[in-house]
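# Coordinate inspection notes
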Amino acid sequence: MMRAEKPRRLIDPSAVRVPGRAPRWIVPTVKVLLVIMDAFAAAFAFGLAFKYREGFDVFAGTGPWSWSHEFAPYAALLVFVVVIRLLALRSVNLYRIRGEFSFVDDGLRVFKATAIGSLLIVAVAFLYRGGFEFRAFSYARGVFIVDFVIALLSIWSIRVLMRSVQTFVRQRQINLIPTLVVGRGPEAALFIKQMRERPSLGYRVIGLVDIKPVDGSEAESYEGVPVVSTLEGLPEAIRDSGANEVIIADPEVNGDALFEVMIRCGRRRGVEFRIAPSLFNCLPRKTEIDQIGVLPMIRLFREPLSSGARLLKRTSDIVVSALAVVLLFPLWLLIALLIKLDSKGPVFYSQERVGMDGRLFLVFKFRTMKAGADSEVHREYQRAFIAGRAEASLSDDGKPTYKLLGDARITRIGKLLRRTSLDEVPQLLNVLMGDMSIVGPRPPIPYEVEAYELWHRKRLDMKPGLTGLWQVSGRNRLPFEEMVRLDLFYIENWSLLLDLKIILRTGFVMIGREGF
């Protein structure tokens, strides 16, 4: 007689939660120490290069922090040298200490950062020339060449020391990344084996997520790893187990189901997803290839912009929005006065919108509707529009437009503000607050997002913008899916030049009296 298979049951994810072997402040402290050591190395290398090449002392004999007369022109560059070196190191992710690493990769990154930094330092030296005091001074090129060599060796030595200590700590099972594996099969088994044999990689497998239903009374495990959840319960398993990374290692996983789960628990919880290369049916366009042990892994849901690009975009947002607020302040006062004279109610209108990664925030606009207007009309229209069932209205020139026209809720001054897009100007405050960007996808209303298909949600990978590519490429005459495609094109192909082109085109479109 055949023996009946015992039913299986899941392990409670909280039961596999691993208490931290190191205090939470350790990693931030190590990063701060790295920055301090790199700053000291950059300054030391520059001073030593001057001493070696020119033969003069860096400090005068009158005091410990008094520069010598010969070094004074170079001392005027010292702040730039340190800042440029640190920014160059950050741009190549040399302050990322979690997860796997390679001494060779670190060495290549140090070389790249040092080379880029040296080129920028030379450019600053010959453009800035220490200000007016040393504008006639000619810097010795040999100093910068020697500085490059010494900085390269110094910073690389710091990284070797840091990684050696990190390897020593990991071998003792300290500060490893708690990781969940999705699925079973050869890839999953190989990954689990690698993590057990090589703790220096920095990972600890704490649980397995099954892609098939598991129900019963007997605890289930795979390769000695407890099964803690099914795919549908992955977000809750991540929360309860404290996992920081998820490895997808089963070719039978359903791509649509997996993508929906990742949307629910991606960057908002600081979780990184990696996928075995054989699962190409699940891949979004933005990926990054890494290697963990002998296994190549494709990292999913990376930020659309690198850290350097994010810093550049945020800086440009702050500069542009701050200047615009100051220059347009008289116009704000005039618009506020006209709104008050035209209808009763507040000058400004705030509405809940969905920002990057689904985060809710309040967007500010000039009020263009009568106070207390019902939003149900717009709600129903947007649902139909997103579903592709919206009837195209006719604009004044007889062309179809995908926007609710003839809205009785709009005031007289509101019509003018909407035609010129001046009702959007207060969103400059949202840009300054960091909720929005000058250029980006349009910020959707929560009930619009509820009607989104799965791929529409990729629009939320970047901060929404005051203007965007679809706003200047057809504006109200584009169907919704074409708008989404333009937003995704912008996200995948962002550059500061593209932002500048969109800002300039926005001005021409506003002059043409076509409101957003």
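Placed above this text is the structure.
Residues numbered from 1 in each chain as written. Predicted model: local features only at pLDDT ≥ 70, side-chain atom pairs only at ≥ 80, totals over all residues. Heavy atoms only, no water.

## Overview of empty space enclosed by the protein
If a probe the size of a water molecule is rolled over the atoms, the empty space left behind becomes visible. Applying the stated rule across the entire model yields one cavity of 30 Å³ or more. Here the largest cavity is characterised by a volume of approximately 30 Å³. A class-by-class count of the residues in the lining of the largest cavity yields six nonpolar, one polar and two charged. (1 Å grid on protein atoms, 1.4 Å probe; cavity = no way out; pocket = protein on both sides within 12 Å on 5 of 7 lines; lining within 4 Å. Points joined across faces, edges and corners; volume = space filled by probe spheres on them. Nonpolar A, V, L, I, M, F, W, Y, C, P; charged D, E, K, R; others polar.)

## Things to note about the pairing of strand 2 (residues 177-182)
Along a regular strand, successive side chains alternate from one face of the sheet to the other. Among the six residues that make up strand 2, six are buried, leaving the element largely enclosed by the rest of the structure. Neither face of strand 2 is left uncovered, since the one carrying Ile-177, Thr-179 and Val-181 and the one carrying Pro-178, Leu-180 and Val-182 both have all their residues buried. Two strands pair when backbone bridges link them, and strand 2 and strand 3 (residues 203-210) are joined in this way by six bridges, in the parallel orientation. In the sheet register, Thr-179 faces strand 3, and the bridge partner there is Val-205. Chirality of the crossover, the property in question, places the unit of strand 2, helix 6 (residues 186-197) and strand 3 among those that are right-handed. Alignment of strand 2 against strand 7 (residues 245-248), held across four bridges, turns out to be parallel. Bridge assignment links Leu-180 to a residue of strand 7, and that residue is Val-246. (Buried < 20%, exposed > 50% of the residue type's maximum accessible area, 1.4 Å probe, protein only. Helix = DSSP H or I, 4+ residues; strand = E, 2+ residues; numbered from the N terminus. Pairing = 2+ DSSP bridges. Right-handed = clockwise from strand over helix to strand, strands pointing away.)

## Some words on the packing of aromatic side chains
Here the structure, examined in full by the defined rule, presents 15 aromatic pairs. Centre to centre, the rings of Phe-126 and Phe-144 are 6.2 Å apart; their planes meet at 50°, and the pair counts as tilted. Pair noted here: Phe-126 is in helix 4 (residues 103-128) and Phe-144 is in helix 5 (residues 141-170), with a separation of 18 residues, a long-range link. On the accessibility criterion, Phe-126 (23% relative accessible area) is partly exposed. Take Phe-144: its relative accessible area is 6%, and that puts it in the buried class. Through a chain of ring-to-ring contacts, three or more aromatic side chains come together here, namely Phe-46, Phe-50, Phe-71, Tyr-74, Phe-126, Tyr-139 and Phe-144. Here the basic side chain of Arg-172 rests over the ring of Phe-168, its NZ or CZ set 3.8 Å away from the ring centre. (Phe/Tyr/Trp six-rings, centres within 6.5 Å; stacked < 30°, edge-to-face > 60°. Lys NZ or Arg CZ within 6 Å of the ring centre and 35° of its normal.)

## Concerning the pattern of salt bridges
This structure, assessed with the given rule, holds 13 salt bridges. Asp-147 is the salt-bridge partner of Arg-85, the closest N and O atoms lying 2.8 Å from each other. One end of the pair, Arg-85, is in helix 3 (residues 78-91); the other, Asp-147, is in helix 5, with 62 residues separating them in the sequence. Neither Arg-85 nor Asp-147 differs from the other in exposure class; each is buried. For Asp-435, the salt bridge is made with Arg-359, and the minimal N-O distance between the two is 3.2 Å. Note that Asp-435 is positioned in the loop between helix 13 (427-433) and strand 15 (437-439) and Arg-359 in the loop between strand 11 (348-354) and strand 12 (360-366), a separation of 76 residues in sequence. Judged by its relative accessible area of 42%, Arg-359 falls in the partly exposed class. Here the salt bridges share partners, and the residues they tie into one network are Lys-365, Asp-423 and Glu-424. (Salt bridge = Lys/Arg side-chain N within 4 Å of Asp/Glu carboxyl O.)

## As for the environment of Pro-346
Relative to the helices and strands, Pro-346 is located in the loop between helix 10 (329-342) and strand 11. When the C-alpha positions of Pro-346 and Phe-366 are compared, they lie 8.8 Å apart, and in sequence the two are 20 residues distant. In contact with Pro-346, other than residues within four places in its own chain, are Ile-339, Lys-340 and Arg-367. (Contact = heavy atoms within 4.5 Å.)

## Some words on the pairing of strand 8 (residues 272-275)
Burial of the side chains of strand 8 extends over both faces: Glu-272 and Arg-274 are buried on one face and Phe-273 and Ile-275 on the other. Across four bridges, strand 7 lies against strand 8 in parallel orientation. What sits directly across from Ile-248, in strand 8, is Ile-275.

## With respect to a nonpolar patch on the surface
On the surface, Val-32, Leu-33, Ile-36, Met-37, Leu-161 and Val-165 cluster together into a nonpolar patch covering about 540 Å² of accessible area. Those elements that provide at least two residues to the nonpolar patch are helix 1 (26-54) and helix 5. Top element by residues in the nonpolar patch is helix 1. It accounts for four residues. Residue placement: Leu-161 occurs in helix 5. (Patch = residues over 30% accessible without salt bridge, like charges linked within 9 Å, V, L, I, M, F, W, Y side chains within 5 Å. Areas by Shrake-Rupley, 256 points an atom, 1.4 Å probe, with all protein chains shown as cover.)

## Some words on helix 1
The first and last C-alpha atoms of helix 1 sit 42 Å apart over 29 residues, in line with the 42 Å expected at 1.5 Å per residue. Those residues of helix 1 not exposed but buried are Leu-34, Asp-38, Ala-39, Ala-41, Ala-42, Ala-45, Phe-46, Gly-47, Ala-49 and Phe-50. In this structure, the buried residues of helix 1 make contact with helix 2 (72-75), helix 3 and helix 5. In the segment just after helix 1, Gly-55 is the residue with positive phi, at about 85°. (Expected span 1.5 Å × (residues − 1).)

## Topic: the nonpolar core
Judged by nonpolar contacts, the single largest core of 39 residues is most densely connected at Ile-339, Phe-366, Leu-428, Tyr-490 and Ile-502. Elements with a contribution of two residues or more to this core: helix 9 (307-327), helix 10, strand 12, helix 12 (412-420), helix 13, strand 15, helix 15 (480-492) and helix 16 (496-511). Here this core gets seven residues from one element, more than from any other, and that element is helix 15. Among all residues touching Phe-366, those that are not within four sequence positions of it are Trp-332, Ile-335, Ile-339, Val-347, Phe-348, Leu-417, Leu-422, Asp-423, Val-425 and Pro-426. (Core = buried A, V, L, I, M, F, W, Y, C linked by side-chain atoms within 4.5 Å.)

## Quick notes on the side chain of Gln-166
Summarising the element assignment, Gln-166 is placed in helix 5. Residue class for Gln-166 comes out buried when judged on its relative accessible area of 12%. Sequence-distant contacts of Gln-166, that is, excluding residues within four places in its chain, are made with Ile-97 and Phe-101.

## A few points about the packing of helix 1 against helix 5
Between helix 1 and helix 5, the least distance of the axes is 8 Å, while the angle of their chain directions is 145°. You can see that helix 1 and helix 5 cross each other, and the crossing is right-handed. Partitioned by chemical class, the residues of the contact of helix 1 with helix 5 number 18 nonpolar, two polar and five charged. (Axes fitted to C-alpha atoms, helices over the stretch in contact; angles between N-to-C directions. Left-handed = near helix turned anticlockwise from the far one by under 90°.)

## Some thoughts on the packing of helix 1 against helix 3
Where helix 1 meets helix 3, the axes come as close as 9 Å, and the angle between the chain directions of the two elements is 135°. The angle between the axes of helix 1 and helix 3 places the two elements in the oblique class. At the point where helix 1 passes helix 3, the crossing takes the right-handed sense. In this structure, helix 1 uses Val-35, Asp-38, Ala-39, Ala-42, Ala-43 and Phe-46 to contact helix 3, whose residues at the interface are Leu-78, Val-81, Val-82, Arg-85, Leu-86 and Leu-89. (Parallel < 35°, antiparallel > 145°, perpendicular 65-115°, else oblique.)

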